[in-house]
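Structural features, examined
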Amino acid sequence: MLDLRVFQSGLLIRLGDDFSVMSNPFKETSQVFKTLLSFVGNLSDKLKVLQLSNEVSKESSDAFFQEAATDTLTHLQQYGWSEAMIANFLLNLFLEGYF
């Protein structure tokens, strides 16, 4: 018999010896303050996460695939993410994955 369990939405991110939580505040309201105080990214970056989530949820798959193709790093920089957010969070998420 499987002992299935529910997991909270979000990521536990390690940077050096420290861990930080990044959660979707709409799904995990109890994690809002941990996410806001996270060392990953600045406040502007965290607002961009919400903005991007909102944009993606409204865009159709067809519209997405009709956008001009670009590499991941260029797109992240053009979106306005800080270099720290790109280096410590986004590149790991897109290029290595989180488990």
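The coordinates are above.
Okay, so let's go over this structure. (Residues numbered from 1 in each chain as written. Predicted model: local features only at pLDDT ≥ 70, side-chain atom pairs only at ≥ 80, totals over all residues. Heavy atoms only, no water.)

Describing the overall build of the protein chain
Counting secondary structure elements, the protein chain contains five helices and two strands. Scanning the protein chain from its N terminus toward the C terminus, one meets helices and strands in the order β-β-α-α-α-α-α. Judged by the C-alpha coordinates and their principal axes, the protein chain covers about 45 × 35 × 25 Å. Put simply, the protein chain has 99 residues, and 22% of those count as buried. Across the protein chain, every contact between residues at least 6 apart in sequence was considered, and the portion connecting residues at least 24 apart equals 38%. (Helix = DSSP H or I, 4+ residues; strand = E, 2+ residues; numbered from the N terminus. Buried < 20%, exposed > 50% of the residue type's maximum accessible area, 1.4 Å probe, protein only. Contact = heavy atoms within 4.5 Å.)

Regarding a nonpolar patch on the surface
There is a patch of nonpolar side chains on the surface, built from F33, L36, L37, L43 and L47 and spanning about 590 Å² of accessible area. Broken down by secondary-structure element, the contributors of at least two residues to the nonpolar patch are α1 (32-36) and α2 (43-58). By relative accessible area, which is 72% here, L37 ends up exposed. (Patch = residues over 30% accessible without salt bridge, like charges linked within 9 Å, V, L, I, M, F, W, Y side chains within 5 Å. Areas by Shrake-Rupley, 256 points an atom, 1.4 Å probe, with all protein chains shown as cover. Salt bridge = Lys/Arg side-chain N within 4 Å of Asp/Glu carboxyl O.)

Remarks on the environment of L52
Inspection of the secondary structure puts L52 in helix α2. By relative accessible area, which is 29% here, L52 ends up partly exposed. Along the sequence, L52 and Y79 sit 27 residues apart, while their C-alpha atoms lie 9.2 Å from each other. With residues up to four places along the chain from it excluded, the contact list for L52 reads Y79 and W81.

Focus on the pairing of strand β2 (residues 18-22)
With five bridges joining them, strand β1 (residues 11-15) and β2 adopt antiparallel strand pairing. What sits directly across from L11, in β2, is M22. Counting the residues in the hairpin turn of β1 and β2 gives two residues, including G16, whose phi is positive at 70°. (Pairing = 2+ DSSP bridges.)

What to know about the packing of aromatic side chains
Two descriptors summarise a pair of aromatic rings, namely the distance from one centre to the other and the angle between the planes of the rings. In this structure the tally under the stated criterion is two aromatic pairs. Here F64 and F65 contribute two aromatic rings whose centre-to-centre distance is 5.0 Å and whose plane-to-plane angle is 85°, an arrangement assigned as edge-to-face. Ring geometry for Y79 against W81: centres 5.4 Å apart, planes inclined by 25°, an arrangement best described as stacked. For W81, a relative accessible area of 6% gives the class buried. (Phe/Tyr/Trp six-rings, centres within 6.5 Å; stacked < 30°, edge-to-face > 60°.)

Examining the side chain of S82
Tracing the backbone shows S82 in the loop between α4 (72-79) and α5 (83-96). Within the structure, S82 has its side chain in polar contact with the backbone nitrogen of M85 (distance 3.1 Å). (Polar contact = N/O pair within 3.5 Å; in protein donor to acceptor, adjacent residues only side chain to side chain.)

What about the pattern of salt bridges?
For the structure shown, the criterion picks out two salt bridges. D3 is the partner of R5 in a salt bridge, and the nearest nitrogen-oxygen pair spans 2.7 Å. When sorted by exposure, R5 lands in the same class as D3, which is exposed.

Honestly, that's just the spatial picture; any functional story needs more than this.
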